[in-house]
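The lines below spell out each chain.
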Amino acid sequence: AALGYEAQRFFQWVFAKVGTAPSDDLKVLFLQALHQAFKMDCDQQQFQEFIPMAMSNLQSILENADTPDLLMAVVDCIQYVAEYYPHVFTNHFRDTVDILVGWHIDSTQKEAVIRYTSDVLVSLQHFWVGDLGFSVTLLGQFLEDMEAYTEDLHRFARRSPCADDIPPPDVCLPKLTALLRVFSTVVSSMGDQFSPNHGPPLTDTYITELLERMVRCVDQVTTDHPSEELFIAANTCVCLLGQGLGSGLAQSCSGVLSYTTKQTEHCMLSSTHSISALQLLNKILELVNTSLPVSVIEQILGPGSSFLQLRFYTHPEVLPSVLKVYRSLLTLKNIPLLDTVYRLVLGDLEVAINTLLSCNGLPPSCSMVKNNPFSSAVYAEHQALTVAVFNMCGLAEIGNAKNSIIGMWGLSPSFFELFAVHLKPCHLHLADSHPAVQYTALYTLLSHCTRHGHFVSSSQASGAPPPTIMEGVSLSTGGHFTSILGLLAELLPATSMSGDSRTLCIRWFQEILHQLRRADNPHLFTMPEYLAVCMGLLPLACSADRATCLPAMQLLQQVVHLGHLPQDFLRRCVHVCKLLLTRTDRAIQQACTDLLTLLPIALVISEKDSSDPQLLPHRRATLQLELELQQEARHSHMAKAPSGTFHSHNFRTVMAFLLNSTKPGNLVKDKWVERIFHSCQRSRKKDGGRGGDEDGGVQDRECLQKLFQDNSSLLWFWAMWEAAAFCVLAKLRTPLGRAQETFQTIEVAVRTYAVEARSRDSDENKGGKMDDTKLSGLGEKHYTAQLQVHLLLQFLENLDKFMYNAYEGCAVAMSAPPKTVRTFFRTNRATCLEWLNRIRLSIMTIALHCGQPAAALRHGYELLWDMRDNNNTQGAEFEHAVVLVIQALCELRCPDAIVGVLAWCRDVIGRNMPWISAIKEQAAGRYEAAVSEYQHGLQLYLGLTSLPISSEPPTTAESSLPSPPNSPRSQGSSSVVPGEDGGGSPKLTLLHKPTDPSPEVVEFMIKQMAECYISLSDWSAVEDWQHGVQKLRMDNTNSHLQRAFNTDVDLNYIKALSKFEDVDLPGVKEHLELVPGASLSGLENAGERPDFSCSPAWDSRQLFQITEQQLVRAATHVSLAPGVGSGDSLRSDVSAVLRHTAKLSENSLQLAASEWPTSFPHDHAINYYWAKSLQDMLDTDCADWPVHSLSELTLEPSQHNVRTCSRMMWFLQHQLHMLQDREGSVEGAAEQLSHLRLATLRLARKQGNYRLAQKVLLDHVDLLQNQAQENATMVATQVFSQTRTGPQTILNALSTVESVPVLTNPLRLKLERESAKILQTMGHTSDAWETLSSCIATYGPLALDNPPTKNAR
């Protein structure tokens, strides 16, 4: 367009320059410039009038071109003319083709030039089709030339010695190959027009003649002069001719197939030739298909076929080509042909599998085909492996075919039966020696089952009738799903499986779960095979391999979420969680906690002996599976002699973290303990005379190393044990200093922690800044602080053991240290014991505050014995030690041991401490009796005539609640009810006491009495007791004793809990505003800086109180907050608080899982569940939150307390309130709350907390009434507006229960039965028997119609 009128001059100038250019390079440049001009004129085409002149000049240049570069340059221009001005190029088409064909058949040219000319000729397809006569004539000429060269080669092979005029093969073969290639190019140039469908001259007869003549030429030439290039060119040509014939190729397929199979008979085929021949064979099979002769199939796949040898090629492109031929044969749409192919492939596979079994010393048990044609075939082991894997991959085409009814069921054996039954040895026996065979069989079967939805819809358990489609063809797949589950149940726990196969099985079961979720058929979950597969996941979840453990944990989460599982399986999942919480891998820990939240909380807080051999299946399948193996590993390591590989730099690193919270550099990050462990392992040299024993030792050592690896509990145990051993073996000369300096450094750390613990109990140090800036923090900081204290106690315990072993010795538990070490510690025994006893009080204080009562108890016993031996039992220090021991026994729930301590103090020490009796009641969970005993004991201990409180119910109420004969009060435990004269606070009268009261004892009793009231949820009594303690503090003149009058209770928080229990959420908000760190208005910045200050940060009691407080705070906000669409920033802040609360509870669960025996602390477990539930409520707008089942909740008086149950009731009551507010389904939450209330009622009655039991009973009936009123099914009664004590109230409540339709018969039966038992314990025997008789009369007939189940209580 820019040239305008100068275009003609431009063309004339260009062609003139090309004609006079001295070199071809200049000519190429001018032609390239012309080509660029053409490209710029593509849209406007202003060169149209000059194109004929340009084409004539281009044709002249093409005729004179003698270099490839000049040829390509001029042809590029000609292609432009042919594309945009076809009417001009038509006159030059034949001349251009003649020249390009000449270049194409020039065998001396480079491959790139020949490929270029071929592409150009193919691009001229429109002109080839338009001049079809010329095209056909050209093909005939090529074929005649090929026949001429064939004749020359034939004459040369049979020439006489004097015949010299015959061209040799090195001249004829390249020309013949070039003719075949140009023949293929011309056929390709004709495109779809090269077909008999378009009529003459291209008819079936003509194309068949071309094919036969060409094949005859190639056959004749290659018989005497085999040439790979000739075969490859001929194969391409045959493919094109066959494509043109289409189904007509069946008429001459025998000759073509003979030609094709002839190529595979050559022993040494190159990969290129093999691929070419296989592509040709596959093309023929695709075109002929059902017209294929049976003899050809046997020729290809039968015994002795040379084609089968191609399976042993290692070239990456040959095997897919061979496999493609297999799949073409296995997808034939003809039953007799397919049956023949199937029979040959199965026969070959049978021989290969039996060969592998024989090589592994197993009987050849695989039988799939009768009269196996391959019975005489012999394979080496590596060949049999290749054949087995290859044939199974080929068979996968049948299993994955779309709507292949014939392929699936018309064969014998069926595809599923073949891989699930006949090839079962591949799954089991060959897994260890030949994992590739197992993986291939599993993958093929998996792909087939995935294609058909794993046969879930047709399973017999689903109740659907088996489909039928034709007579004689069975479509019954009802048992396939059961077989799949049975196979997975057998394979998952197998130890001989490879990692890839196990991952495949896990993926398989994951797909099955997806299908089960879509099927929504509860009958499928009751199949025993399904439960067996679920059981098989448990050992995988405990695997040390992360790639196996994580997917197995995810599957367990899905399985538990789907439900329909027995309680025994869920209990085993709890034990798996206990084991995996000690892993160092954070992802595994997260998966573990995610699973834990899905498990029923009733199972998590129920105790069961973890050494029960039936807890986990497949006991010896995986060593890590057993919880008790961790303790066995500890004992095994303790019994071994120190290896001496734990050096001073290791000790310095461990103690820096233990004493100063200093971790190593960033190089090792969180795995530094594991790295130290591995660096200290050594491989011992074997003794030739004791090789067997040494081999066993090496295996034991490797087993222990596997146990310790990735297990934080065992790794920290090892570090603390080795650090203590280093101290003793070094005779206390450590990097900390000499012996005295080592003791002093450790003692300073212990006393620092003890001071922190005691400062928490004093008023003046509460809420100090030191803790908030130094120890307080999020998640990991709290966990590190807790871990440090636990490890310090563990280190001191180990150091005590090592020093005792040094100066006393052990028979079996520990090996004897060297003689020099024993001499040193025997000499300094008194010093070591004096140092230990000096810090035991501090150790006990630390242990009680960090949740280690057992450690406090052991040190307490040692300290009491030392005080007795030293006659130091009359001072306040002795009473302090006794208080700590009794407190530890109370937390361990050992009332009988407390009685023993009381008797020991009285009989051995000569000191009577009656206040210990109250702790005995508290330890047994009898809080109501404990309150009376605490009052009486505190009054006697302080020498007072009465206490300035009135925490007991009024005398009128008390008269209606006589104590039963077996109650603590009737057994001599007196109860003082002060203030009965109505004259206000009584006057305090001091009695004569031989010694002054100990502040520690007084403070302990005051705080424990408040704890009893809180455990009973008697909030008014807590307030009264707080006021009474303040009165005692003001009236007491002893300054040393005044600090003991402290309950450490925030009355505002107590009032908030009272309102929260009554679901009075506005009242909760009002009182929380006065509690530091719990204000709802302070939630706005909680996401950036949550107020979780705790002093000290490792105090488990304080952490529990903080988490409970924050949960009440968050729950109140969730209930009072508007809809999900508003307040997103505040919602994120609340979510951050809940996440941190869950993290604190998770830390406590993780630390508890590291102890032995492993058990989750109930309070922290409930907090964790509560935090997760609130998070779900906050994140989702729907009202269908999951409610944990409590129907199987079993509360034992020796293991549970009513305070835990009360907190669970808060949780459920709040959830029920939320469901009511959001108009969700409340039936599930109400039913579970009924189960919980009845279980709590039973526990309170068994523990002697009768007032609490009556309160829970009446609260429960109130709940039922409220539900009935909401449903408008009954009229509200006023019976509960009166006093809530006495038998008449209970009887009135039971009378209203009969009209409550929301209570199911079993729950109503339990309610009336428990009511009768409460009346009996209250001494109202006649009312109890009347209630029980009425219950039997009402529900007896129902039991005859519906016999009670095994779990009926």
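Residues numbered from 1 in each chain as written. Predicted model: local features only at pLDDT ≥ 70, side-chain atom pairs only at ≥ 80, totals over all residues. Heavy atoms only, no water.

**Some details on helix 20 (residues 415-422)**
Where helix 20 is concerned, the buried positions are F415, F416, L418, F419 and A420. An end-on view of helix 20 places all buried positions within 170 degrees of arc, on one side of the element. (Buried < 20%, exposed > 50% of the residue type's maximum accessible area, 1.4 Å probe, protein only. Helix = DSSP H or I, 4+ residues; strand = E, 2+ residues; numbered from the N terminus. Arc of directions from axis to C-beta.)

**Details of the side chain of T873**
With respect to the helices, strands and loops of the structure, T873 is situated in the loop between helix 41 (853-869) and helix 42 (876-891). Within polar-contact distance, the side chain of T873 engages the side chain of Q874 at 3.3 Å. Excluding its chain neighbours within four sequence positions, the residues that come into contact with T873 are M867, R868, F878, I909 and R911. (Polar contact = N/O pair within 3.5 Å; in protein donor to acceptor, adjacent residues only side chain to side chain. Contact = heavy atoms within 4.5 Å.)

**Describing the packing of helix 12 (residues 228-245) against helix 14 (residues 271-288)**
Direction vectors running N to C along helix 12 and helix 14 enclose 20 degrees, while the axes themselves pass 9 Å from each other. By the angle between their directions, the pair helix 12 and helix 14 is classed as roughly parallel. In this structure, helix 12 meets helix 14 at a crossing whose hand is left-handed. Along the contact surface, helix 12 presents E228, F231, I232, N235, V238, C239, G242 and Q243, while helix 14 presents T272, H273, S276, A277, Q279, L280, K283 and L287. In terms of residue class, the contact of helix 12 with helix 14 is made up of seven nonpolar, seven polar and two charged. (Axes fitted to C-alpha atoms, helices over the stretch in contact; angles between N-to-C directions. Parallel < 35°, antiparallel > 145°, perpendicular 65-115°, else oblique. Left-handed = near helix turned anticlockwise from the far one by under 90°. Nonpolar A, V, L, I, M, F, W, Y, C, P; charged D, E, K, R; others polar.)

**Details of helix 3 (residues 51-64)**
Its 14 residues give helix 3 an end-to-end C-alpha distance of 20 Å, which sits within 8% of 20 Å, the value for a rise of 1.5 Å per residue. When we look at burial in helix 3, the residues that qualify are I51, A54, M55, L58, Q59, I61 and L62. Summarising the axial view, the buried residues of helix 3 lie within an arc of 165 degrees, below the 170-degree limit, and thus occupy one face. Where helix 3 is buried, its residues contact helix 1 (7-20), helix 2 (24-40), helix 4 (68-84), helix 5 (86-89) and helix 6 (93-104). (Expected span 1.5 Å × (residues − 1).)

**A closer look at the packing of aromatic side chains**
Applying the stated rule across the entire model yields 38 aromatic pairs. Within the aromatic cluster, the residues linked to one another by ring pairs are F646, F651, F677, F708, W718 and F726. Between K578 and the ring centre of F1160, over which it is positioned, the NZ or CZ distance is 5.7 Å. Here the basic side chain of R634 rests over the ring of F717, its NZ or CZ set 5.8 Å away from the ring centre. (Phe/Tyr/Trp six-rings, centres within 6.5 Å; stacked < 30°, edge-to-face > 60°. Lys NZ or Arg CZ within 6 Å of the ring centre and 35° of its normal.)

**Let's talk about the environment of V883**
For V883, the location among the structural elements is in helix 42. By relative accessible area, V883 is classed as buried at 4%. Between the C-alpha atoms of V883 and V1001, which are 118 residues apart in sequence, the distance is 6.4 Å. Ignoring any residue separated from it by four or fewer positions in sequence, one finds V883 in contact with W915, E1000, V1001 and F1004.

**What to know about the confidence of the model for the protein**
For the protein, per-residue confidence averages 81 on the pLDDT scale, and residues scoring 70 or more make up 82% of the total. Long-range and interchain partners of residues 609-625, a stretch whose pLDDT sits below 50, account for 46 contacts in this model, where long-range means more than four residues apart. Counted against residues more than four places away or in other chains, residues 1348-1353, with its pLDDT under 50, gives five contacts. (pLDDT = per-residue confidence, 0-100.)

**Topic: the environment of T208**
With respect to the helices and strands, the residue T208 is situated in helix 11 (residues 204-224). When the C-alpha positions of T208 and L241 are compared, they lie 8.1 Å apart, and in sequence the two are 33 residues distant.

**Considerations on the pattern of salt bridges**
A side chain with one charge may pair with a side chain of the opposite charge, provided their charged atoms come close. Summed over all chains, the structure comprises 41 salt bridges. As a salt-bridge pair, R546 and D585 come within 2.5 Å of each other at their nearest N and O atoms. One end of the pair, R546, is in helix 27 (residues 546-562); the other, D585, is in the loop between helix 28 (567-580) and helix 29 (586-598), with 39 residues separating them in the sequence. The salt bridge partner of R751 is E747, with a shortest N-O separation of 2.9 Å. Pair noted here: R751 and E747 are both in helix 36 (residues 739-760), with a separation of four residues, about one helical turn. Of the residues examined, R751 reaches a relative accessible area of 32% and is grouped as partly exposed. Salt bridges sharing common partners tie together E797, D800, R840, R858 and E862. (Salt bridge = Lys/Arg side-chain N within 4 Å of Asp/Glu carboxyl O.)

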